[in-house]
Amino acid sequence: MLNILYISISGNTRSFVEDLQTYAAKKHQEDANEPLISLKEISEATPYADETQAYFAFVPTYLDGGNGIDNGVDELMTNAMGEYIAYHKNRDYCLGVVGSGNRNFNEQYCLTAKMYARDYNMPFIGDYELRGTSADVKRIYAILKEQQSKSA
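Not measured: the values here are computed from a predicted model.

Caption draft 1: Representation of the packing of helix α1 (residues 12–30) against helix α4 (residues 134–151). Packing of α1 against α4 brings their axes to within 10 Å, and their N-to-C directions diverge by 70°. Our classification of the angle between α1 and α4 gives roughly perpendicular. Of α4, the residues touching α1 (which contributes Phe 16, Asp 19, Leu 20, Tyr 23, Ala 24 and Lys 27) are Asp 136, Val 137, Lys 138, Ile 140, Tyr 141 and Leu 144. Of the residues that constitute the contact of α1 with α4, the class distribution is eight nonpolar, no polar and four charged.

Caption draft 2: Geometry of the layout of surface pockets. Of the voids in this model, the largest pocket is the one considered here, and its volume is about 250 Å³. Along the wall of the largest pocket there are 15 residues; nearest its centre are Thr 61, Tyr 62, Gly 101, Asn 102 and Phe 105. Of the residues that constitute the lining of the largest pocket, the class distribution is seven nonpolar, eight polar and no charged.

Caption draft 3: Main features of α4. Taking 1.5 Å of rise per residue, the 18 residues of α4 would be expected to cover 26 Å, and the 26 Å separating its terminal C-alpha atoms lies within 8% of that figure. Within α4, the full set of buried residues consists of Asp 136, Val 137, Ile 140, Tyr 141, Leu 144 and Gln 147. The arc enclosing the buried residues of α4, seen along the axis, measures out at 135°, which places them on a common side. Facing away from the buried surface of α4 by more than 90 degrees, the exposed residues are Ser 134 and Lys 150. Looking at the buried positions of α4, the neighbouring elements they touch are β1 (2–6), α1, β2 (37–41), β3 (55–60), β4 (94–101) and β5 (124–129).

What counts as what
Residues numbered from 1 in each chain as written. Predicted model: local features only at pLDDT ≥ 70, side-chain atom pairs only at ≥ 80, totals over all residues. Heavy atoms only, no water. Axes fitted to C-alpha atoms, helices over the stretch in contact; angles between N-to-C directions. Helix = DSSP H or I, 4+ residues; strand = E, 2+ residues; numbered from the N terminus. Parallel < 35°, antiparallel > 145°, perpendicular 65-115°, else oblique. Contact = heavy atoms within 4.5 Å. Nonpolar A, V, L, I, M, F, W, Y, C, P; charged D, E, K, R; others polar. 1 Å grid on protein atoms, 1.4 Å probe; cavity = no way out; pocket = protein on both sides within 12 Å on 5 of 7 lines; lining within 4 Å. Points joined across faces, edges and corners; volume = space filled by probe spheres on them. Expected span 1.5 Å × (residues − 1). Buried < 20%, exposed > 50% of the residue type's maximum accessible area, 1.4 Å probe, protein only. Arc of directions from axis to C-beta.

Honestly, it's all geometry; don't read function into it.
Written out as structure tokens, the structure reads:
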């Protein structure tokens, strides 16, 4: 099982991870060795809990000030995920972070995921733009499987 914790503000991340879950179910139906995906959405209303199994974090980038390069950054709306990861030992179970965003934002593309990787000492393992494509789903699924097997 591949466990995913995600935060979705505009619905793009939710759409992508649901597509990923559907793809994994199809692959699992074809070959029982292919892992399924379990999803857990994190929001401001999510009570903190101790994670006990390995997971991947999926975070979009929303900024409200700063460019993240030379004048700081004000992260907007995804703080709940960072606080959840920082809770007790939850960061110890995160196998990697996947970011999304809009490539039009250049260096700010996936900035939140890159900051989480740095701040919580976990690898930045993948990215996709906006809602992603079917090719992104296949690519990210392969990355998640590889990353999980490395940690086993």
